[in-house]
Amino acid sequence: MGDFGSSPIAPYCAPMAVLIDVTEHPESWVNGLRENLPGFEIVVGPYNGPSDEIEYVVAWDVNIDRLRTYPNLKGLLLTMAGYDRIEVKALAPIPVVRLVDPAMADDIAQYVLSWVIHFSRGFDIFASAQSDRTWVSEPPIRFPSDVTVGVLGAGAIGKVVLATCEYHGFNTIGWSRSSHDRSMTSFFEASDFVVNLVPLSPATESLVGANELERLGNGIIINVGRGRTVDQTALIEALKGDLRWAVLDVFEVEPLPHDSELWELPNVTITPHDAGRTNPLTAAAVVATSIREIESGRRPANTIET
Ligand code: GLV
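Residues numbered from 1 in each chain as written. Predicted model: local features only at pLDDT ≥ 70, side-chain atom pairs only at ≥ 80, totals over all residues. Heavy atoms only, no water.

### Notes on the confidence of the model for the protein chain
Next, step 1: Here the protein chain averages 93 in pLDDT, and 95% of its residues register 70 or above.
Next, step 2: Counted against residues more than four places away or in other chains, residues 1–5, with its pLDDT under 50, gives zero contacts. (pLDDT = per-residue confidence, 0-100. Contact = heavy atoms within 4.5 Å.)

Below is the structure:
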């Protein structure tokens, strides 16, 4: 007969959990996280279980007060690249990691490339001629090597946009506040297209104003960063003047209010903040890598500075 009394009984240890707190299709994250994080419980919000079991939260719209109720929280993993809606400092020292998924960067690059091709091939001109049954007998000829795409905010995603445009034969220039070879106005002047990918912060609010837009001349601005980094009044003025077109995926206020003048301008394309879509199938692996980094005592790449 065994001596049960002498064998130590391991205390019950609840599996630590990763909480998926997203409103859209949370279930689509579950398999990817389970596959990449064996040993973790993966739970989907709204969560009503014991608060001390939550070690990681995967989310975008975060309620900081709710996060503070998780005493063992080790990290917040954002499901988006932008972090302007998060009070990162309020969570310190817990790392907040933004999502930089190569698949999302490709998604944004494809969006940008589509519009660069659309306008540089003159498809807008053909569409407008077609509505008048007009055959454009001498279409403007601009090969990719005649066109310069400038990327404002040449970080992880910007670099993919630059490489994608370059691969298709376009000239490219990157410009970041921390690294540039010319002034911002000269950058606008040298570009036919300016792709805005600047993250929003107090330092970048209305970074692009009348002066820069004037230097872009008859060019095109594609805003896939944040609406508030471009002065909207100056943009509307420029669109009524020389600026050929604005392709806008982001706005000062989203959804774009019904009474916004932008809806009416003939040289504006509006898309509903859809340029860089988060695909849980690829993003779950990126999020899991960040969690493993934190578990090993390392600071994940793309941790937001506080
Ligand atoms: C989208 O806007 C993002 O920040 O990922």
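### Re a nonpolar patch on the surface
Next, step 1: Residues I117, F123, I125 and F126 make up a contiguous nonpolar surface patch of roughly 290 Å² in combined accessible area.
Next, step 2: It is helix α5 (residues 123–131) that provides the largest number of residues to the nonpolar patch, a total of three residues.
Next, step 3: For I125, the location among the structural elements is in helix α5.
Next, step 4: Assessed through its relative accessible area of 33%, I125 is described here as partly exposed. (Patch = residues over 30% accessible without salt bridge, like charges linked within 9 Å, V, L, I, M, F, W, Y side chains within 5 Å. Areas by Shrake-Rupley, 256 points an atom, 1.4 Å probe, with all protein chains shown as cover. Salt bridge = Lys/Arg side-chain N within 4 Å of Asp/Glu carboxyl O. Helix = DSSP H or I, 4+ residues; strand = E, 2+ residues; numbered from the N terminus. Buried < 20%, exposed > 50% of the residue type's maximum accessible area, 1.4 Å probe, protein only.)

### Considering the packing of aromatic side chains
The geometry of two aromatic rings is summed up by the distance between their centres and the angle between their planes.
Next, step 1: Taken as a whole and assessed by the stated rule, the structure comprises seven aromatic pairs.
Next, step 2: Ring geometry for F123 against F126: centres 6.4 Å apart, planes inclined by 45°, an arrangement best described as tilted. You can see F123 and its partner F126 sitting in helix α5, three residues apart, about one turn around the helix.
Next, step 3: Among the aromatic residues, those joined into a cluster by ring pairs are Y111, W115, F119 and W245. (Phe/Tyr/Trp six-rings, centres within 6.5 Å; stacked < 30°, edge-to-face > 60°.)

### What to know about the packing of helix α4 (residues 102–120) against helix α6 (residues 156–167)
Next, step 1: Their axes nearest at 9 Å, the elements α4 and α6 cross at an angle of 45°. Classified by the interaxial angle, the pair formed by α4 and α6 is oblique. Seen along the crossing, α4 lies across α6 with a hand that is right-handed. Where α4 abuts α6, its residues A105, D106, I108, A109, V112 and L113 lie against I157, V160, V161, T164 and C165.
Next, step 2: Of the residues belonging to the contact of α4 with α6, the class tally is nine nonpolar, one polar and one charged. (Axes fitted to C-alpha atoms, helices over the stretch in contact; angles between N-to-C directions. Parallel < 35°, antiparallel > 145°, perpendicular 65-115°, else oblique. Left-handed = near helix turned anticlockwise from the far one by under 90°. Nonpolar A, V, L, I, M, F, W, Y, C, P; charged D, E, K, R; others polar.)

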